[in-house]
Every structure is written in structure tokens, then in C-alpha cells.
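# Residue-level structure breakdown
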Amino acid sequence: MYRLSLIISEVYNKFLPLAEKNGIQLNLDLIDSDVVTEELTGIKDDVEKAISEAIGRSAQGEIAIQVNRKEIIISDTGTTLSRPVCALLSGKYIDVSSRVGFGTKVRISLERAEKELESGEE
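On a predicted model such as this, the values are computed, not experimentally measured, just so you know. (Residues numbered from 1 in each chain as written. Predicted model: local features only at pLDDT ≥ 70, side-chain atom pairs only at ≥ 80, totals over all residues. Heavy atoms only, no water.)

With that settled, the discussion passes to the overall build of the chain. In terms of regular secondary structure, the chain is built from four helices and seven strands. In the chain, the order of α-helices and β-strands from amino to carboxyl end is β-α-β-β-α-β-β-α-β-β-α. At 14 Å, the chain has a C-alpha radius of gyration in line with the 14 Å of a compact globule built from 122 residues. A principal-axis box enclosing the C-alpha atoms of the chain has dimensions of 40 × 30 × 20 Å. Counted over contacts in the chain with a minimum sequence separation of 6, partners at least 24 positions apart contribute 65%. For the chain, the exposed area adds up to about 7,100 Å²; of that, 49% sits on carbon and sulfur atoms. When the 15 basic and 21 acidic side-chain charges of the chain are each reduced to a single mean position, those positions are 6 Å apart. (Helix = DSSP H or I, 4+ residues; strand = E, 2+ residues; numbered from the N terminus. Rg over C-alpha atoms; globule rule 2.2 N^0.38 Å. Contact = heavy atoms within 4.5 Å. Areas by Shrake-Rupley, 256 points an atom, 1.4 Å probe, with all protein chains shown as cover. Lys, Arg positive; Asp, Glu negative; His and termini not counted. Charge placed at Lys NZ, Arg CZ, Asp CG, Glu CD.)

Spelled out as C-alpha cells, the structure:
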């Protein structure tokens, strides 16, 4: 079992210098710091990809990473994506939404590891 707060903190520290260099405020909010997961690579890769893309499309503003028991939410104030782009970026465990004036949110479900273990997938 992996403590999710340690995984997310590692990713946050990896991207913080790049965000600061680009004039973007990167915030981390670990609502439930005791959440654990059996999956390391998939979740870490999804979070890194979402943060990297948010930094890449934001000229300035704020990117927030929030972790709770059910999901990781990465939101940025720098961009608005069209519905077709949100649909393209969304997937089995990732939901992307965007709204003019509010920015973009990427929700990464933490329930995937439980579902895959229950169904026998890996």
C-alpha cells in the first residue's frame, strides 16, 4: 500500500520550480492525508500528465491539486477547453471539464484500484 499524500507531494515538488518559473502559483490541498492506494504508477502518471498539461496551457494564474478519499482534482484558472477537447482528454478514470471564467478541472478517480481488484483485472 502506498500513502497517496507522499505520491502527490513528490509530484508537487517536481513541478513546483517549473510552475514558479512560468509565474504560476501551484497549490496543494491534502484533505485526507491518510488515504492509501495499491496502485502507484497509474495514478502518479495521470497526476503528472494533468499538472504538466495545466502548466503548459497556462500563461499565468493558479493550479490547485486537491486530494480527498475518492479523487484527485487538478484545477487551473488559466484556460478554458472546448467540450470536444474535454471529451478527448477524459477516460475511464479521468473526467475533464472546463467552464469560461472558471478554468479547467481534471478529476482522477481513486476507485479504480478497488474496482480492478474486485474484477480480477490488473
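After that view of the structure, there is still more to cover.
What the rule picks out here adds up to five salt bridges. For the salt bridge of Glu 10 with Lys 44, the shortest nitrogen-to-oxygen distance reads 2.5 Å. Of this pair, Glu 10 sits in helix H1 (residues 4–21) while Lys 44 sits in helix H2 (residues 41–57), placing them 34 residues apart in sequence. Glu 10 sits in the partly exposed class, given a relative accessible area of 46%. For Arg 69, the salt bridge is made with Asp 34, and the minimal N-O distance between the two is 3.0 Å. On the criterion of sequence distance, the pair formed by Arg 69 in the loop between strand E4 (61–67) and strand E5 (71–76) and Asp 34 in the loop between strand E2 (24–30) and strand E3 (36–37) is long-range, its members being 35 residues apart. (Salt bridge = Lys/Arg side-chain N within 4 Å of Asp/Glu carboxyl O. Buried < 20%, exposed > 50% of the residue type's maximum accessible area, 1.4 Å probe, protein only.)

Our focus in this paragraph is the environment of Glu 53. Mapped onto the secondary structure, Glu 53 falls in helix H2. The spatial distance from the C-alpha of Glu 53 to the C-alpha of Leu 81 is 12 Å, given a sequence separation of 28 residues.

Right, let's get into the nonpolar core. Counting 28 residues, the largest nonpolar core has Leu 4, Leu 26, Val 47, Ile 51, Ile 65, Ile 72 and Ile 74 as the members making the most contacts within it. Of all the secondary-structure elements, those providing two or more residues to this core are H1, E2, H2, E4, E5 and strand E7 (103–109). Top element by residues in this core is H1. It accounts for eight residues. Contact partners of Ile 74, with chain neighbours within four places excluded, come to Val 47, Ala 50, Ile 51, Ile 63, Ala 64, Ile 65, Thr 104, Lys 105, Val 106 and Ile 108. (Core = buried A, V, L, I, M, F, W, Y, C linked by side-chain atoms within 4.5 Å.)

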